[in-house]
2 protein chains.
Amino acid sequence: MTRDVVALLRDALGDRVVTDDALLEASRADKSGHAASGTPLAIVHAASISDAQDTLRIAHATATPVVTRGAGTGLAGGANAGSGEIVLSVRGMDRILEVRPDDLLAVVEPGILNADLNRALADHGLWWAPDPASREISTVGGNIATGAGGLLCAKYGVVRDAVLGVDLVLADGRLLHLGHRSVKGVTGLDLTSLVIGSEGTLGVVVGATLKLRRIVPGQARTLTASFPDVRAAASGAAAVTASGIQPAIMELMDATSLAAVHRLLALATPPAGVAQLTVQTDGPAASAEAEAIAVVLRQAGGDVRLAADDAEAELLWRVRRSMHPAMEALGTTLIEDVSVPRSALPAMFDEIARIEREYGLAIPTVCHAGDGNLHPNFIFEGAEVPEVIWQAADELFRAALRLGGTLTGEHGVGVLKRRWLKDELGDDQWELQRQIARVFDPTGIMNPGKVFAP
Amino acid sequence: MTRDVVALLRDALGDRVVTDDALLEASRADKSGHAASGTPLAIVHAASISDAQDTLRIAHATATPVVTRGAGTGLAGGANAGSGEIVLSVRGMDRILEVRPDDLLAVVEPGILNADLNRALADHGLWWAPDPASREISTVGGNIATGAGGLLCAKYGVVRDAVLGVDLVLADGRLLHLGHRSVKGVTGLDLTSLVIGSEGTLGVVVGATLKLRRIVPGQARTLTASFPDVRAAASGAAAVTASGIQPAIMELMDATSLAAVHRLLALATPPAGVAQLTVQTDGPAASAEAEAIAVVLRQAGGDVRLAADDAEAELLWRVRRSMHPAMEALGTTLIEDVSVPRSALPAMFDEIARIEREYGLAIPTVCHAGDGNLHPNFIFEGAEVPEVIWQAADELFRAALRLGGTLTGEHGVGVLKRRWLKDELGDDQWELQRQIARVFDPTGIMNPGKVFAP
């Protein structure tokens, strides 16, 4: 049977079907470090919508599970493929099919990298707002699959606010065009939003109509504020939000993160315990807003410095963007992704400190403080997450839920958080969501074992 | 059986159950003028979530259809109740339960009027962006049920961008809390977005967590531009969008609309054929943006005037807001609601002119030109829409779809557009959506005959 599936794929798709051991092995894991058990049957490198449809028709006829994959930069194991599964890679479908400055939209294939898209759009004076820290290596299709919004969400919205429509290949190979090209549209149920963040469980996103923005005019300004401890920095961030001034980006790094990045980049070691906020303002009022934020942060006890020029600003952002490599230098990393209402940020950092004490762990944390999305990192040796770390993570998730927050702000559930999904949704909603997924995929071949697996 | 249902409702809900003839009669119709056939069994004036749950439990047990209703200002017949149906009115559930300036959110009941909400939020320096022209008489729950965004969507987003979560009573009376209180959240499928615009077919919205904005600082500016014909005005609007300057509001009135409103308000008659754009800019750069838009509109052939003061601006907006009463003065009105990509606005007005010629009708049209959402009005005598008008409307819908647009930008499908739903969605998507609705409502008691009815 297994040989039959691969043979059927080869008959239909020729050399776009790959069974090279190293490539199969690579598709077992993502950037979470987690790997699926066993090895997938084959990888189909789709070059077109019809390739994706052919793959699904064969998968459907043979009851073979399909894992859709882009660049493999996920952090929840959602695109990891194991025994008996077909990997459908859409990474090669990376064309920009249409850019309409007059309608502020673009139509793209899912495999295009976020940074490549925005470099191309810049020629038109446009950009697409979702801005994950991984933008140089992650795909637009991956953003859509997970709902990965990145650094600019408080001011410029989440992925759902930036997608007008998606083209979806269903489990049986049929193609649906969901959504619309107009600013407004309420015809029937909003299946576009349902697909965003569905992590490959509803179908394969083979195209997207993106809502664009004009490039923001004026010179962005960057400032940093150092605080004696992370709670003070979190309170500073909450004070900025409460002041009504809207930064484009507001990032928080705790002392452990900051020290690790400074070590990686060979910068001077920051004082012990010091946490840092890095803030960007943009638009016509960027300078005035930066000055006003500086006042708020000084009142909150911060030692504030406005970047004098682009070079200094760039170094500050390089520090923030080096977080992931700095963590990888320390060991294997489990990057968490809880999100809380912004006023609860200081309380969430208290909870993290409590969990660090109780479990004897360091949990270096960066935080999109402007929108309340925290990325606590657990560091360990070896490939498998030790049980003690899952226990600490469990405490972390429960704390976020208690504070009115959510398990995942942007990385998704994948395999790594599926066991907590019912804690957030409740049994009734969990079951309803699973039934909705079954409407799209009655035989359960779309990314099985992810999100809804018990 | 019918008497049993009412008796069961009275046992559970006492005098919140009303069978007054005039009230039952009123709940057969909405602002579309369309009325359901027959008369509903009873109206339940829910005062709490548990009232809604009790009603649904009884409806479920007795297989009785339920039509959820707010202020009855819908324009597609979506909340019209007829024979054998229970009307569940949530209009009395109009409390603001929580306002959090620090988290930029509010938790409200569905029956609150849009304008009342924004008056209350103003005390906190906050507002909720959805701004239907009916804001003084329409409810927040109605916005959520239909996705009615109003005048500010191009700059400030649609309803989906402004709702973080909804509380939903299912067909069997169970209560679900959908969504989250944080800026970001991707745990499981986005059922909040699925409920927005679902027109009472998935459950009863009994509460909502709204994403708020700070009141925009600075003095808004208003300008008008008169054009010799509506196509020139539409081209002017498209030129503004293409210029990259983002107005807060940009409204277009064609000659027939403009003349009718001027007559209603006893203002001087505008020159024959003249169409008008009315534009508002806001924020710190409001004046500079208004001047820049004036330049674009003059280049497009417009006769531009900037309002000198608030009083003049207010009169200009009063003209726009008097459109609906002006149409009602002419006869019975069918208000349509197609939406197209903004670059297609001039072509859509060509299509309207063609349909006017071919059918010998006047189709006075106002348009949210900033987001490409048109409201063409068909005027006729009597209560029922004549078949010739449905034929003309059919041409209108097909033209919008050909231009990459959609049947309904914000009014919803209700009963009046259900026969065109498959034309836009296609058979496969229509069937998929219907099956999803059945997951929420397996026995089909939630607003049956609306949206998905064949």
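The rules we used
Residues numbered from 1 in each chain as written. Chains lettered and ligands numbered in written order. Predicted model: local features only at pLDDT ≥ 70, side-chain atom pairs only at ≥ 80, totals over all residues. Heavy atoms only, no water. Helix = DSSP H or I, 4+ residues; strand = E, 2+ residues; numbered from the N terminus. Expected span 1.5 Å × (residues − 1). Buried < 20%, exposed > 50% of the residue type's maximum accessible area, 1.4 Å probe, protein only. Contact = heavy atoms within 4.5 Å. Buried area = accessible area lost by both parts, 1.4 Å probe. Salt bridge = Lys/Arg side-chain N within 4 Å of Asp/Glu carboxyl O. Least-squares fit on C-alpha atoms with pLDDT ≥ 70 in both. Core = buried A, V, L, I, M, F, W, Y, C linked by side-chain atoms within 4.5 Å. pLDDT = per-residue confidence, 0-100. Pairing = 2+ DSSP bridges. Axes fitted to C-alpha atoms, helices over the stretch in contact; angles between N-to-C directions. Phe/Tyr/Trp six-rings, centres within 6.5 Å; stacked < 30°, edge-to-face > 60°. Lys NZ or Arg CZ within 6 Å of the ring centre and 35° of its normal.

(A) Looking closely at helix H3 (residues 49–62) of chain B. All names here are of chain B. Here H3 spans 20 Å end to end across 14 residues, near enough to the 20 Å set by a 1.5 Å rise per residue. Looking only at H3, the buried set comprises Asp51, Ala52, Gln53, Thr55, Leu56, Ile58, Ala59 and Thr62. Following H3 by one or two positions, alanine 63 adopts a phi angle in the positive range, close to 55°.

(B) Looking closely at the interface of chain B and chain A. The partner chain A presents 66 residues to the 66 residues of chain B that form the contact. Taken together, both faces of the contact between chain B and chain A bury some 5,900 Å²; the carbon and sulfur share is 59%. Of all residues in chain B, the largest losses of buried area upon contact with chain A belong to Lys184(B), Val186(B) and Leu189(B), amounting jointly to 15% of the total for that side. Measuring nitrogen to oxygen at the nearest pair gives 2.7 Å for the salt bridge that ties Arg160(B) to Asp190(A).

(C) Focus on the relation of the copies chain B and chain A. Superposing chain B onto chain A takes a rotation of 180° combined with a translation of 0.0 Å along the rotation axis, leaving an RMSD of 0.0 Å. Both copies are brought into coincidence by an operation consistent with a two-fold rotation axis. Most of the interface of chain B is mirrored in chain A: 100% of its interface residues are interface residues there too.

(D) The arrangement of the nonpolar core in detail. Grouped together as the largest cluster of nonpolar side chains are 78 residues, with contacts concentrated most on Ile436(A) and Ile436(B). Other than its neighbours up to four places away in sequence, Ile436(A) contacts Leu194(A), Leu189(B), Leu191(B), Leu194(B), Ile436(B), Val439(B) and Phe440(B). Core analysis: the next-biggest nonpolar cluster, separate from the first, contains 50 residues, Ala233(A), Leu297(A), Ile352(A) and Ala369(A) among them.

(E) Focus on the confidence of the model for chain A. The predicted model of chain A averages 95 in pLDDT, with 99% of residues at 70 or higher. This complex was scored by the predictor with a pTM of 0.96 and an ipTM of 0.95.

(F) Up close: the sheet that holds strand S16 (residues 332–335) of chain B. Residues and elements named next belong to chain B. Here we have seven strands laid out as an open sheet, ordered S15-S12-S14-S13-S17-S18-S16, and antiparallel in their pairing. Every interior strand has two partners, whereas the edge strands, strand S15 (303–306) and S16, have only one. Strand-to-strand twist of the sheet, defined as the mean angle between neighbouring strand axes without regard to direction, takes the value 20°. Where S16 meets strand S18 (residues 373–380), four bridges bridge the pair, whose relative direction is antiparallel. When the sheet's bridge partners are listed, isoleucine 335 is paired in S18 with asparagine 377. With respect to the sheet, helix H8 (residues 230–243) is in contact with strand S12 (221–227), strand S13 (249–253) and strand S14 (275–281), its orientation differing from that of S13 by roughly 170°. Here helix H9 (residues 255–264) sits on the sheet and contacts S13, S14 and strand S17 (365–368); the angle it forms with S13, its principal contact strand, is near 90°.

(G) Spotlight on the packing of aromatic side chains. Residue and element names in this part refer to chain A. One pass over the structure, following the stated rule, counts eight aromatic pairs over all chains. Where phenylalanine 397 meets tryptophan 420, the ring centres are 4.7 Å apart and the plane angle is 75°; that geometry is what we call edge-to-face. With phenylalanine 397 in helix H14 (residues 387–402) and tryptophan 420 in the loop between H14 and helix H15 (421–440), this pair connects stretches of sequence that are 23 residues apart. Neither residue differs from the other here; phenylalanine 397 and tryptophan 420 are each classed as buried. Site record: aromatic cluster; members linked through ring pairs are Trp390, Phe397 and Trp420. Residue placement shows lysine 422 over the ring face of tryptophan 430; its charged tip is 4.2 Å from the ring centre.

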